[in-house]
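Structural overview for review
Each chain, letter by letter, is given below.
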Amino acid sequence: MAADNIYRHFESGGFSCGAEFLHSGNAWAVRFYDDSGPGFKAPLANLVIPPDCYGFLHLQCVGEDGVLSGFLDAAHFSPDMTEDLLALLEETIFNGVGCYLPYHIDFVTLQSCEEYNGEY
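Because the structure is predicted, anything quoted here is derived from the model rather than measured. (Residues numbered from 1 in each chain as written. Predicted model: local features only at pLDDT ≥ 70, side-chain atom pairs only at ≥ 80, totals over all residues. Heavy atoms only, no water.)

1. Some points on the nonpolar core
Operational definition: Each nonpolar core is a collection of buried residues, namely Ala, Val, Leu, Ile, Met, Phe, Trp, Tyr and Cys, held together in the definition by side-chain atoms within 4.5 Å. Burial classes: relative accessible area under 20% of the type maximum marks a residue as buried, over 50% as exposed, and values in between as partly exposed (1.4 Å probe, protein chains only). Numbering of helices and strands runs from the N terminus; a helix is a DSSP stretch of H or I covering at least four residues, while a strand is a stretch of E covering at least two. We call two residues in contact whenever any of their non-hydrogen atoms come within 4.5 Å of each other.
One finds Phe-21, Phe-32, Leu-57, Leu-59, Leu-68, Phe-77 and Ile-93 to be the most contacted residues of the largest nonpolar core, which totals 26 residues. Where this core is concerned, the elements lending two or more residues are strand E1 (6–12), strand E2 (15–24), strand E3 (27–33), strand E4 (53–62), strand E5 (65–73) and helix H1 (82–93). Apart from residues no more than four positions distant in its own chain, Leu-68 is found in contact with Leu-57, His-58, Leu-59, Leu-86, Leu-89, Leu-101, Pro-102, Tyr-103, His-104 and Ile-105.

2. Looking at the pattern of salt bridges
Using the following cut-off: Salt-bridge detection follows one rule: a side-chain nitrogen of Lys or Arg within 4 Å of a carboxyl oxygen of Asp or Glu.
Enumeration according to the criterion identifies one salt bridge in this entry. In this structure, the salt-bridge partner of Arg-31 is Glu-20, at a minimum N-O distance of 3.0 Å. Taken as a pair, Arg-31 in strand E3 and Glu-20 in strand E2 lie far apart in primary sequence, eleven residues in all. With relative accessibility at 8%, the residue Glu-20 sits in the buried group.

3. A look at the packing of aromatic side chains
What counts, and what does not: Each aromatic pair joins two rings of Phe, Tyr and Trp (for Trp, the six-membered one) with centres within 6.5 Å, and gets the label stacked for planes under 30 degrees apart, edge-to-face for over 60, and tilted for any other angle. Sitting over a ring, as applied to charges here, requires NZ of Lys or CZ of Arg to be within 6 Å of the ring centre and within 35 degrees of the ring normal.
The full count for this structure, using the stated rule, is seven aromatic pairs. Consider the rings of Phe-10 and Phe-77, whose centres lie 6.0 Å apart with planes at 20 degrees: the pair is stacked. Of this pair, Phe-10 sits in strand E1 while Phe-77 sits in the loop between E5 and H1, and the two are 67 residues apart along the sequence. Accessibility assignment for this pair places Phe-10 and Phe-77 in one class, buried. Residue Phe-77 is classed as buried on the basis of its relative accessible area, which comes to 3%. These aromatic residues form a ring-pair network of at least three members: Phe-10, Phe-15, Phe-32, Tyr-54 and Phe-77. Over the ring of Tyr-33 we find Arg-31, and its NZ or CZ is 4.3 Å from the ring centre.

Spatial relationships are all this shows, so hold off on functional conclusions.
Next up, the structure:
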């Protein structure tokens, strides 16, 4: 695990969740997840149920600008939240400096999921 991961709390339109920023080279992945529980504070053992994932965004930095794409769960996110999402990225990655950031975000409806936790 990279030590430079950044964790933030995101709030918009009455919804709140965690946002984990994962960095590699000139790219970032942002994972949105349920951070209302206790989280993982110790080594994993016994039954482990991962927190719900609400989607991912990918940011490719190009100089002092970037290109953003990804998908977010429409049960929690909406296009009305886009400006708040962009503000979170600009504050966290670009230190609040205005940048050119074209984006394509899909708001998806989840149909099913597959789970494996190593226990059963």
